[in-house]
2 protein chains.
Amino acid sequence: MISKLIDKIVEKDAPVVVGLDPMLSYIPPYLLDRAFESKGETPEGAGEAVWLFNKEIIDAVYDLVPAVKPQIAMYEQFGIPGLMAFKKTVDYCREKGLIVIGDVKRGDIGSTSAAYASAHLGKVTIGSKAYRIFDEDMATVNPYLGSDGVEPFIKVCQEEDKGIFVLVKTSNPSSGEFQDRLIDGKPLYEHVGAKVEEWGRESMDGSYSNVGAVVGATYPEMGSVLRKIMPHAFILVPGYGAQGGKGADLVNFFNKDGLGAIVNSSRGIIAAWKKDAYASFTEEHFADASRAAAKDMIRDIRTVLGR
Amino acid sequence: MISKLIDKIVEKDAPVVVGLDPMLSYIPPYLLDRAFESKGETPEGAGEAVWLFNKEIIDAVYDLVPAVKPQIAMYEQFGIPGLMAFKKTVDYCREKGLIVIGDVKRGDIGSTSAAYASAHLGKVTIGSKAYRIFDEDMATVNPYLGSDGVEPFIKVCQEEDKGIFVLVKTSNPSSGEFQDRLIDGKPLYEHVGAKVEEWGRESMDGSYSNVGAVVGATYPEMGSVLRKIMPHAFILVPGYGAQGGKGADLVNFFNKDGLGAIVNSSRGIIAAWKKDAYASFTEEHFADASRAAAKDMIRDIRTVLGR
């Protein structure tokens, strides 16, 4: 799978992911009204609003970027109708040729982690039949439970040509509470990073592994260290833009081949119409604002990479 | 919420949780067939089978135990129909007076963690209305992202009188890979435990906090240490029975007041009909086998506690 992602990154010259994390406050009022008029101020209405919003954004950016990252919490909060909108979004993005990274941050043990891996990346057996359920291409995984939690995902990566990104150093302010604590003179995130490199050997796909890592753009020095510890891991980098990560710092997350990282922006792209810089598009043309913001981000990152 | 759980534990003299983790292999063939005949060998059929299975078990044990713990992965693997069975199970258990602990192990940052907290424990605002979505009473939370990930759950605990159990030391064999690593001379799980006690002060409910911890029955010495580090945290103890945790060791997880812990068994109760000890019930009476296994487990734990 990672080679497919790399092909698309190279083709579009854009190591960029659009985070599809649709809070209702990001959705223009006229679109919310349209959804609520047809389905009420209900979870069904919220699901419809999210879907209408996503579809316009996907249509506006799919030719620019290789991948999207829907954050499942933003769908799960609306229950069944929300998760139906998640599935519709995943399917539509794949139809459009985008790689879909399910930002699910699941992590459990043994058969339970296997159930999550089957639900999101693999197939589930029901009687004599097998079904793909949410069917993302890649997913994020939480490492706190150790190998027992991660191995079932790696197994599915091998069997189904899928990929994962393991949380190593997250972009949030308090990520250091546990992740930065020193163990044998090195922070926990370095130990997790070393494990990612080790797990990754089980599922190589070209020069990179299907087992990648999440490292926040907000911690560029740590990104630089982790880049060296995990030479075969692709790094999914959240926290660019709205969370404070700056373009110039992103170079730390890339390898010398100009690959090895893919940078996510959610709010900065999908809610661009609410920012002063893109306000001239007006809310009716929110998707055009997203397209402009995506282009600006791609330009920023190309500059960083000297292209 | 924790005081409600304690009242039910005391009333039933049973610090026991039944884990509703229905793998299809736990469901008797005749019941699977019934579900598949009406809905096919489909995710809908799997959801129906899971629901029929759960309902009989709930009917057979609800008077014996204070709480149940549905593991959402086992439902999520069947997609939308699976999650509908999850919701139906949560609602039915609450109707029966059981406390429902959603074993969701969610954990993310900021607004994303808030979305999970709203989905599982709180309310979600849609236009001018507010809805309860999955509406469990308590949920499990992953601490790897630090306070940013946990605080949104604690806020909901305070506002809605709900509770959480934070993963501290999990029951699986590889849990030590990160959790046992020494930081300033103490294992990571002790640092997480200290944080749980600190977070817990924000949401006290009687002598205990609405912020509890998960510590595996498979690590009784660590349970003993953590019991002291987190005097106000209730400990949810998985790993009894099938995973190898023994009754006698469970005393370590309790306080001198005979409270402070609640022990989970999933497979040992819901798949009791498959064990030699309960095989005489036959598959048609699988729920009676579960009832017998629950009674045996309660008796075992009462003995441990000298009651």
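To be clear, the structure that these remarks concern was listed above.
Residues numbered from 1 in each chain as written. Chains lettered and ligands numbered in written order. Predicted model: local features only at pLDDT ≥ 70, side-chain atom pairs only at ≥ 80, totals over all residues. Heavy atoms only, no water.

**Student:** Would you take a moment to explain the overall build of chain A for this structure?
**Tutor:** In terms of helices and strands, chain A carries 12 helices and 14 strands. The globule rule puts the C-alpha radius of gyration for 307 residues at 19 Å, and the 19 Å found for chain A is close to it. C-alpha extents for chain A along the principal axes are approximately 55 × 55 × 35 Å. For chain A, with 307 residues in total, the buried portion stands at 65%. Considering only residue pairs separated by 6 or more positions, chain A has 74% of its internal contacts joining residues 24 or more positions apart. For chain A, the exposed area adds up to about 10200 Å²; of that, 51% sits on carbon and sulfur atoms. When the 35 basic and 42 acidic side-chain charges of chain A are each reduced to a single mean position, those positions are 3 Å apart. (Helix = DSSP H or I, 4+ residues; strand = E, 2+ residues; numbered from the N terminus. Rg over C-alpha atoms; globule rule 2.2 N^0.38 Å. Buried < 20%, exposed > 50% of the residue type's maximum accessible area, 1.4 Å probe, protein only. Contact = heavy atoms within 4.5 Å. Areas by Shrake-Rupley, 256 points an atom, 1.4 Å probe, with all protein chains shown as cover. Lys, Arg positive; Asp, Glu negative; His and termini not counted. Charge placed at Lys NZ, Arg CZ, Asp CG, Glu CD.)

**Student:** Mind showing me how you'd approach the interface of chain A and chain B here?
**Tutor:** Where interface size is given, it is often the accessible area lost as the parts come together that is meant. Of the residues lining the interface, 69 residues belong to chain A; the matching set on chain B comes to 69 residues. Summing both partners gives a buried area of about 5600 Å² for chain A against chain B, and 62% of it is carried by carbon and sulfur. Among the residues chain A hides against chain B, the three largest losses belong to Glu-41, Tyr-144 and Phe-178 of chain A. Together they make up 16% of the total. Where chain A touches chain B, the interface holds 6 salt bridges. For the salt bridge of Arg-181 of chain A with Asp-184 of chain B, the shortest nitrogen-to-oxygen distance reads 3.0 Å. (Buried area = accessible area lost by both parts, 1.4 Å probe. Salt bridge = Lys/Arg side-chain N within 4 Å of Asp/Glu carboxyl O.)

**Student:** Mind showing me how you'd approach the sheet that holds strand S1 (residues 16-20) of chain B here?
**Tutor:** In sheet architecture, strand pairing relies on hydrogen bonds along the backbone and comes in two forms, parallel and antiparallel. Residues and elements named next belong to chain B. Spatially, 8 strands are ordered S1-S2-S3-S6-S7-S12-S13-S14 in a closed barrel, and the strand pairing comes out parallel. Adjacent strand axes in the sheet meet at a mean angle of 30°, parallel and antiparallel pairs treated alike. In this fold helix H7 (residues 147-160) packs onto strand S3 (99-106), strand S6 (138-141), strand S7 (163-169) and strand S12 (211-215), with an angle of close to 150° to the strand it touches most, S7. Of the strands in this sheet, S1 and strand S14 (261-265) touch helix H12 (residues 286-304), which is tilted by about 145° from S14. (Pairing = 2+ DSSP bridges. Axes fitted to C-alpha atoms, helices over the stretch in contact; angles between N-to-C directions.)

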